Amino acid sequence: MEEVALRLKELLFPSIPDAALSVDVDIEIVRVDAQSIADGAVCPVCGVWSNRVHGSYLRFPADVPSGGRSVVLQLRVRRFTYENSGCARRTFVEQIPGLTRRHGQRTERLRSTLAAVGLALAGLAGACFARVLGVSVSRSTVLRLVDASRT
């Protein structure tokens, strides 16, 4: 059974090495519980490493459907605290490279997919095609993702 879980992790999230995943496949959805197993994280402002966990909370970034099933990602992220007099921040939240970015509501994989659809089809047509793929998104969001991918 553990081998099946490892294969599912490789298939669903191949670019995330430092994450513990638990996958539950149902008829309609694939539920993924994930959390980072890294020792600590780096402050995005000043680059100081911290391993002092201040707390944690759940994020639910939208992800690309898999095999005709919607993927529900429950991601536990940690908030770190540290002492650096040269930085205005006292706490920061870890980001999992290849999966999340600050304030992101979608995984990087879904962002890039929607941006590619938007580049090919533009606003309304891109939103309609995204619905066929199983992702509900507005035409404005598709255009915003295209614009953000160019910078």
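Above this text is the structure in question.
Numbering of residues starts from 1 in each chain and follows the order in which that chain's sequence is written. Thresholds applied to this predicted model are a pLDDT of at least 70 for local features of residues and 80 or more for the giving and counting of side-chain atom pairs; totals over whole chains, interfaces and linings are not thresholded and use all residues. As a convention, hydrogens and water are excluded, and side-chain values are obtained from all of the structure's heavy atoms.

Caption draft 1: Inspection of the overall build of the protein at higher detail. Only DSSP runs of H or I with at least four residues qualify as helices, and only runs of E with at least two residues qualify as strands; both kinds are numbered from the N terminus onward. Helices and strands together make up the secondary structure of the protein, namely 4 helices and 7 strands. Helices and strands in the protein line up, N terminus first, as α-β-β-β-β-β-β-β-α-α-α. For the protein, buried positions account for 34% of its 151 residues. Within the protein, residue pairs in contact and separated by at least 24 positions form 50% of the contacts whose partners lie at least 6 positions apart. Each residue gets one of three labels from its accessible area relative to the maximum for its type: buried under 20%, exposed over 50%, partly exposed in between, using a 1.4 Å probe on protein chains only. Contacts: residue pairs with any heavy atoms within 4.5 Å of one another.

Caption draft 2: View of the environment of Arg89. Following the sequence through the fold, Arg89 ends up in the loop between β6 (70–81) and β7 (91–93). Residue classification places Arg89 among the partly exposed residues on the basis of a relative accessible area of 22%. Taking C-alpha positions, Arg89 is 7.9 Å from Val45, a pair spaced 44 residues apart along the chain. Excluding anything up to four places from it in sequence, Arg89 contacts Cys43, Pro44, Val45, Tyr82 and Arg102.

Caption draft 3: Structural context of the packing of aromatic side chains. The aromatic pairing rule takes the rings of Phe, Tyr and Trp, using the six-membered ring of Trp, and pairs them if the centres are within 6.5 Å, calling planes under 30 degrees apart stacked, those over 60 edge-to-face and the rest tilted. Following the criterion strictly, the structure yields 2 aromatic pairs and no others. Aromatic side chains Tyr82 and Phe92 sit 5.4 Å apart centroid to centroid with 70° between the ring planes, which places their arrangement in the edge-to-face category. Taken together, the positions of Tyr82 in the loop between β6 and β7 and Phe92 in strand β7 put the pair 10 residues apart, joining distant regions of the chain. Across the pair, exposure class does not vary: Tyr82 and Phe92 are buried alike. Pairwise contacts between aromatic rings join Phe80, Tyr82 and Phe92 into one cluster.

Caption draft 4: Expanded view of the environment of Ser36. Mapped onto the elements of the fold, Ser36 is located in strand β2 (residues 29–36). In this structure the C-alpha to C-alpha distance between Ser36 and Asp18, which are 18 residues apart in sequence, comes to 5.7 Å. Within the structure, Ser36 has its side chain in polar contact with the backbone nitrogen of Ala38 (distance 3.2 Å). Among the polar contacts listed, one links the side chain of Ser36 to the side chain of Glu94, at a separation of 3.4 Å. Whenever a nitrogen or oxygen atom comes within 3.5 Å of another N or O atom, the pair is scored as a polar contact, on the condition that within protein one atom can donate a hydrogen and the other can accept it, and that pairs from neighbouring residues in sequence are kept only if both atoms are in side chains.

Caption draft 5: Representation of a nonpolar patch on the surface in the model. Residues Leu121, Phe129, Val132 and Leu133 make up a contiguous nonpolar surface patch of about 360 Å² in total accessible area. With 3 residues, the top contributor of residues to the nonpolar patch is helix α3 (residues 123–133). Relative to the elements of secondary structure, Phe129 occurs in helix α3. Exposure remark for Phe129: the relative accessible area of 38% places this residue in the partly exposed category. Surface patches are defined over residues having more than 30% relative accessible area and no salt bridge, joining like charges when they lie within 9 Å and nonpolar side chains (Val, Leu, Ile, Met, Phe, Trp, Tyr) when within 5 Å. Here the accessible surface of atoms and residues is derived via Shrake-Rupley with a 1.4 Å probe, and residues count as covered only by protein chains that are part of the display. Salt bridge, as used here: a side-chain nitrogen of Lys or Arg that lies within 4 Å of a carboxyl oxygen of Asp or Glu.

Caption draft 6: Looking closely at helix α4 (residues 139–149). Within α4, burial applies to Thr141, Val142, Leu145 and Val146. All buried residues of α4 fall inside an arc of 140° around its axis, so they share one side. Tucked inside the fold, the buried residues of α4 contact α2 (108–121) and α3. Arc definition: it is the arc formed by the directions from the helix axis to the C-beta atoms.

Caption draft 7: Spatial organisation of the environment of Ser22. Turning to its location among the elements, Ser22 is positioned in strand β1 (residues 19–25). Ser22 gets classed as partly exposed once you look at its relative accessible area, which sits at 38%. Put simply, Ser22 and Val32 are 10 residues apart on the chain and 5.7 Å apart in space, counted from C-alpha to C-alpha. Here Ser22 is in contact with Arg31, Val32 and Asp33, once residues within four sequence places are set aside.

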